Amino acid sequence: LALQQLSRTVLPSLIARAKGVKAVASAPAKRAALESAVALLAGLSPEVACNDCSEELRFCTLTSLKRLKEEPEATVFAAQALQLLVRAIQKQQSWVEDDLHSVVIPICDLCSSHRVPLVRLGCFQVMIALIQQAFGHLAPLKKQIQAGCKAGVEDRCREVRLLAVAALNTWHCVGSQ
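Residues numbered from 1 in each chain as written. Predicted model: local features only at pLDDT ≥ 70, side-chain atom pairs only at ≥ 80, totals over all residues. Heavy atoms only, no water.

**What to know about the layout of surface pockets**
Phase 1: When its volume is computed, the largest pocket comes out at roughly 200 Å³.
Phase 2: Along its surface, the largest pocket is lined by Ala 18, Ala 27, Lys 30, Arg 31, Leu 34, Thr 63, Lys 66, Arg 67, Glu 70 and Glu 71.
Phase 3: Here the residues of the lining of the largest pocket are counted per class, giving 3 nonpolar, 1 polar and 6 charged.
Phase 4: Size it by volume and the second largest pocket reaches roughly 150 Å³.
Phase 5: Of the residues that constitute the lining of the second largest pocket, the class distribution is 3 nonpolar, 3 polar and 2 charged. (1 Å grid on protein atoms, 1.4 Å probe; cavity = no way out; pocket = protein on both sides within 12 Å on 5 of 7 lines; lining within 4 Å. Points joined across faces, edges and corners; volume = space filled by probe spheres on them. Nonpolar A, V, L, I, M, F, W, Y, C, P; charged D, E, K, R; others polar.)

**A look at helix 9 (residues 142–153)**
Phase 1: Taking 1.5 Å of rise per residue, the 12 residues of helix 9 would be expected to cover 16 Å, and the 16 Å separating its terminal C-alpha atoms lies within 8% of that figure.
Phase 2: Contacts from the buried residues of helix 9 go to helix 7 (100–113), helix 8 (117–134) and helix 10 (158–176). (Helix = DSSP H or I, 4+ residues; strand = E, 2+ residues; numbered from the N terminus. Expected span 1.5 Å × (residues − 1). Contact = heavy atoms within 4.5 Å.)

**A short note on the nonpolar core**
Phase 1: Counting 62 residues, the largest nonpolar core has Ile 107, Met 127 and Ile 145 as its most contacted members.
Phase 2: Looking at this core, the element that brings in the most residues is helix 8, giving 10 residues.
Phase 3: Apart from the residues within four sequence positions on either side, Ile 107 is in contact with Leu 65, Leu 82, Leu 85, Cys 123, Val 126 and Met 127. (Core = buried A, V, L, I, M, F, W, Y, C linked by side-chain atoms within 4.5 Å. Buried < 20%, exposed > 50% of the residue type's maximum accessible area, 1.4 Å probe, protein only.)

**Here's the deal with helix 7**
One turn of an α-helix holds 3.6 residues; hence residues three or four places apart share an orientation.
Phase 1: Its 14 residues place the ends of helix 7 20 Å apart at the C-alpha level, agreeing with the 20 Å of an ideal helix rising 1.5 Å per residue.
Phase 2: Those residues of helix 7 lying buried are Leu 100, Val 103, Val 104, Ile 105, Pro 106, Ile 107, Cys 108, Leu 110 and Cys 111.

**Thoughts on the environment of Arg 67**
Phase 1: Here Arg 67 lies in helix 4 (residues 54–70).
Phase 2: When the C-alpha positions of Arg 67 and Arg 87 are compared, they lie 19 Å apart, and in sequence the two are 20 residues distant.
Phase 3: In contact with Arg 67, other than residues within four places in its own chain, are Arg 31, Leu 34, Glu 35, Ala 74 and Phe 77.

**Structural notes on the pattern of salt bridges**
Phase 1: For the structure shown, the criterion picks out 6 salt bridges.
Phase 2: Two residues, Lys 69 and Asp 109, come together in a salt bridge whose shortest N-O distance is 3.6 Å. Of this pair, Lys 69 sits in helix 4 while Asp 109 sits in helix 7; the two residues are 40 residues apart in sequence, bridging distant segments of the chain.
Phase 3: Taking relative accessible area as the criterion, Asp 109 reaches 34% and is therefore assigned partly exposed. (Salt bridge = Lys/Arg side-chain N within 4 Å of Asp/Glu carboxyl O.)

**Quick notes on unusual backbone geometry**
Phase 1: With a phi angle near 50 degrees, Gln 92 is a residue other than glycine that sits in the positive phi range.
Phase 2: Mapping Gln 92 onto the fold places it in the loop between helix 5 (75–90) and helix 6 (94–98).

**Details of the packing of aromatic side chains**
Phase 1: A full pass over the atoms with the stated rule returns 1 aromatic pair.
Phase 2: Above the ring of Phe 59, the side-chain terminus of Lys 19 is found at 5.2 Å from the ring centroid.
Phase 3: Stacked on the ring of Phe 77, the Lys or Arg Arg 67 has its end atom at 4.3 Å from the ring centre. (Phe/Tyr/Trp six-rings, centres within 6.5 Å; stacked < 30°, edge-to-face > 60°. Lys NZ or Arg CZ within 6 Å of the ring centre and 35° of its normal.)

**Describing the packing of helix 4 against helix 7**
Phase 1: Where helix 4 meets helix 7, the axes come as close as 10 Å, and the angle between the chain directions of the two elements is 35 degrees. Helix 7 is crossed by helix 4, and the crossing has left-handed handedness. The segment helix 4 lies against helix 7, with Leu 62, Leu 65, Leu 68 and Lys 69 engaging Ser 102, Val 103, Ile 105, Pro 106, Ile 107, Asp 109 and Leu 110. (Axes fitted to C-alpha atoms, helices over the stretch in contact; angles between N-to-C directions. Left-handed = near helix turned anticlockwise from the far one by under 90°.)

**Quick look at the side chain of Gln 93**
Phase 1: Relative to the elements of secondary structure, Gln 93 occurs in the loop between helix 5 and helix 6.
Phase 2: The contacts of Gln 93, once residues within four sequence positions are left out, are Cys 50, Ser 54 and Ala 88.

This is the structure in structure tokens:
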């Protein structure tokens, strides 16, 4: 309850700073504001984050994915951003399908490039959920998805390989229906 109240008072100012609305916001200040907003949203229940803070969730998730492509060393931030994306997919937020290109491309890149297995696992969890929810819209991104899964199948971590195979199986099973 306290976190919900905090999110209603602090989240709007964090988002404004992350967007750079205030002319004083430098790049490190924007990054810190985005990381704080993502952490705050990740701490909320999925219902509150998706229903009461849906626009903030969308901004933070899409901006975080873009940032992770540029700065792949942010491990905790990456895990929290993926957690937000999984929640949005599970709660069937319409913006996920609207922004599939902005979601799938960074996820496929992170599947093979991130140094931390937990983040790669999260990417495959996102991929499986996306395939189950929006398979028909993913056809134009088939090559990127298959390349990300192929990289996962060849991963040095057993758990990542298993989830990559599960993603490929989901792709083929949902596609054959």
